[in-house]
Amino acid sequence: MDYIQPRPSSIVAALYTARDLKVDVAILHGPSGCSFKHARLLEEDGMRVLTTSLADNEFIFGGQEALERVLIHAEKTFHPKRMAVIGTCVSMIIGEDLQSALHATTVPSIAVDVHAGFKENIEGVILTLVAAAEAGWISAEELARQRRLLAAANEVERLRGAASRSYIEPERGDLKHTAAQRLLELATSGARGMAIMNAKKETAYMFADELLALHEVAPDAPIRYLANLEQRGLPKVRLDAERILQGLEAGGLTPELVGALDEYGALGDQIGEEIERTNPDFVLLVGVPHAVPARYTEGREVFSITNGPRQVAPLRELGHQHVLVEVDLHPKTLGVRSIVESEFGAVLRSLV
C-alpha cells in the first residue's frame, strides 16, 4: 500500500542539497508558495531562496522570461559565487527548459529539473548531485558515494523508520525527566555504558549536546562515546562536522569517530559491532537510532532520541525501553555554527 501520510518532498530535498553544495542563491521556478516553509528556513542557514512566482498566466504561456529576469536580478543584487535553479511541479508540467535559462547569468550555476511527484525524496538529492557533477562541483567518485549512502538511508527508513508502514501515529515519546533520572542512575552506578551519536547532517548540532550533557553529569562514568563526525561529504557537511567536534572537545569530550554526518544510514552494522565489542549494560543512541538493527541492542537498556514523532512507534518495536523526541530540533539547528542545547540535555543537567 502507498503511503497515506505526508512524505518529504523531492523539491525540498533538492534545495537542501544545493545548500550543502555551498550555493548562495537558489531560485524556485514555480508559484510563490511552493516549499515556502523550507525556503524561509534555509534562508536562516545562509542560502537566499528566491522564486519566479509563476501564476495562472505563466501556467499557460510559460515562465522562461520570468526565470531569466530573476537570474539577472540575483546576480546583480547578491553577487553570488554559485546559483541553482530548482524546478517545481509547475515547471515540469509546462515543460520549461531550465538549463537554457542559465545563459542569462555569468555566475556558475546548475539547473535541477525536479518536481514533487517522485515516490522517494532522495530523487531530488540525486538530480541535484548529478547536475553538480556535470558542472564539475563534485567528482564522479563523490557522486557514486552519495548514491550508495542515499540508498542505504532509504533502506533504513523502509525497514525500521517512518516509511516502514503506510501510516504511523505521531507521538512525543517518554517523559524526559523520567528517562534522564534513569540514565543518571545507571551512569553513576558503575554500569558500563555507550553513548553514540549517529546523526543526520546539521541535526548533529543538537544531538551532540546529549552526549556532552551525559559527560558533564557523569564525567568519571565508564562510558564509551562514539560520534559520526569524520571528515567526508559535501562542503557544508564537512564544515559542520569540524565545528561540532571542536564544540565537544571544548566541553571536555573527545569521542571516538565512526563514520561521517552523511553516512548515518549506512553505519548500523559498524556501530552495532562496536556495541557487541564493548558489551555495555546500557546504550544512549541519538540522531538516527533506528539505523542500528535490533540484534545489536537486545538484552541492553536502550535510551534512543530522535527528532521524528513518527519514529517513536518503530523504535519501541525495536525493543528500546526509553524513546524520546527532541521536538522542533531541525528549525533550531538551521543557521547555527555551534552546539545547541537540547531539551534532554537541559533536563539531565538540571538533575545535578
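Residues numbered from 1 in each chain as written. Predicted model: local features only at pLDDT ≥ 70, side-chain atom pairs only at ≥ 80, totals over all residues. Heavy atoms only, no water.

Peer 1: How should the overall build of the protein be read in this particular structure?
Peer 2: A tally of helices and strands in the protein yields 15 helices and 10 strands. For 352 residues, the compact-globule formula gives about 20 Å, and the C-alpha radius of gyration of the protein, at 21 Å, lands near that figure. In terms of overall dimensions, the protein has a C-alpha envelope of 70 × 45 × 35 Å along the principal axes. When each of the 352 residues of the protein is scored for burial, the buried share is 55%. In the protein, once contacts between residues fewer than 6 apart in sequence are set aside, the share between residues at least 24 apart is 73%. Surface accessibility of the protein: about 15000 Å² in total, with carbon and sulfur atoms responsible for 50%. Positive and negative side-chain charges of the protein, numbering 36 and 49 respectively, have mean locations separated by a distance of 1 Å. (Helix = DSSP H or I, 4+ residues; strand = E, 2+ residues; numbered from the N terminus. Rg over C-alpha atoms; globule rule 2.2 N^0.38 Å. Buried < 20%, exposed > 50% of the residue type's maximum accessible area, 1.4 Å probe, protein only. Contact = heavy atoms within 4.5 Å. Areas by Shrake-Rupley, 256 points an atom, 1.4 Å probe, with all protein chains shown as cover. Lys, Arg positive; Asp, Glu negative; His and termini not counted. Charge placed at Lys NZ, Arg CZ, Asp CG, Glu CD.)

Peer 1: Sorry, what's going on with the packing of helix H9 (residues 176-187) against helix H15 (residues 343-350) here?
Peer 2: Helix packing for two helices is described by the angle between their axes and how far apart those axes are. Remark: H9 packs on H15, axes separated minimally by 9 Å, with the N-to-C direction vectors making an angle of 55 degrees. In terms of their interaxial angle, H9 and H15 are classed as oblique. Here H9 and H15 pass one another in a crossing that is right-handed. Residue-level contacts link Lys176, His177, Ala179, Ala180, Leu183 and Leu184 of H9 to Glu343, Phe344, Val347 and Leu348 of H15. Here the residues of the contact of H9 with H15 sort into 7 nonpolar, 1 polar and 2 charged. (Axes fitted to C-alpha atoms, helices over the stretch in contact; angles between N-to-C directions. Parallel < 35°, antiparallel > 145°, perpendicular 65-115°, else oblique. Left-handed = near helix turned anticlockwise from the far one by under 90°. Nonpolar A, V, L, I, M, F, W, Y, C, P; charged D, E, K, R; others polar.)

Peer 1: What is the right way to read the sheet that holds strand E9 (residues 301-306) from this model?
Peer 2: Within a sheet, each strand pairs with its neighbour through backbone hydrogen bonds, oriented either parallel or antiparallel. Strand order in this open sheet of 6 strands is E7-E6-E5-E8-E9-E10, and the pairing throughout is parallel. Strand pairing shows two members of the sheet lacking a second neighbour, strand E7 (256-257) and strand E10 (322-325), which therefore form its edges. Of the strand pairs in this sheet, strand E5 (residues 193-198) and strand E8 (residues 282-287) are connected by 6 bridges, and their pairing is parallel. Residue pairing for E8: methionine 194 is matched across the bridge by valine 283. Where H9 meets the sheet, it contacts strand E6 (223-227), E8, E9 and E10, and its direction lies at approximately 135 degrees from that of E9. (Pairing = 2+ DSSP bridges.)

Peer 1: Please explain the pattern of salt bridges as it appears in this structure.
Peer 2: As a working rule, side chains carrying opposite charge can pair if their charged atoms are close by. Across all of its chains, the model carries 27 salt bridges by this definition. Linking aspartate 45 and arginine 337 is a salt bridge whose minimum nitrogen-to-oxygen distance equals 3.8 Å. Residue aspartate 45 is located in the loop between helix H2 (36-44) and strand E2 (48-51), and its partner arginine 337 is located in the loop between helix H14 (329-333) and H15; the two are separated by 292 residues in the primary sequence. Under the relative-accessibility criterion, aspartate 45 is labelled buried at 7%. (Salt bridge = Lys/Arg side-chain N within 4 Å of Asp/Glu carboxyl O.)

Peer 1: Help me out: how do you make sense of the pairing of E6 in this one?
Peer 2: For a regular strand, side-chain orientation follows a simple rule: the groups alternate between the two sheet faces. Of all the 5 residues making up E6, 5 are buried; the element is thus mostly covered by neighbouring parts of the structure. Burial along E6 is two-sided: Ile223, Tyr225 and Ala227 facing one way and Arg224 and Leu226 facing the other are all buried. Where E5 meets E6, 5 bridges bridge the pair, whose relative direction is parallel. Residue pairing across strands places glycine 193 opposite isoleucine 223, the latter belonging to E6. A crossover connection joins E5 to the parallel E6 through helix H10 (residues 204-217); in handedness this β-α-β unit is right-handed. Looking at chain direction, E6 and E7 are connected through 2 bridges and run parallel. Among the inter-strand pairings, alanine 227 is bridged to a residue of E7, identified as leucine 257. For the segment spanning E6, helix H11 (residues 235-250) and E7, crossover handedness is right-handed. (Right-handed = clockwise from strand over helix to strand, strands pointing away.)

Peer 1: It is not clear to me how the pairing of strand E4 (residues 109-112) should be interpreted in this structure. Could you clarify?
Peer 2: The two faces of E4 match: Ser109 and Ala111 on one face and Ile110 and Val112 on the other face are all buried. Here strand E3 (residues 83-86) pairs with E4 via 4 bridges, running parallel. When the bridges of E4 are listed, isoleucine 86 appears paired with valine 112.

Peer 1: Explain H9 here, please?
Peer 2: Because an α-helix completes one turn every 3.6 residues, residues spaced three or four positions apart along the sequence face the same direction. Its 12 residues give H9 an end-to-end C-alpha distance of 16 Å, which sits within 8% of 16 Å, the value for a rise of 1.5 Å per residue. Every buried residue of H9 is listed here: Lys176, Ala179, Ala180, Leu183, Leu184, Leu186 and Ala187. For H9, the buried positions fall inside an angular range of 160 degrees around the axis, keeping them on one side. Considering only its buried residues, H9 is in contact with H10, E6, E8, E9, E10 and H15. (Expected span 1.5 Å × (residues − 1). Arc of directions from axis to C-beta.)

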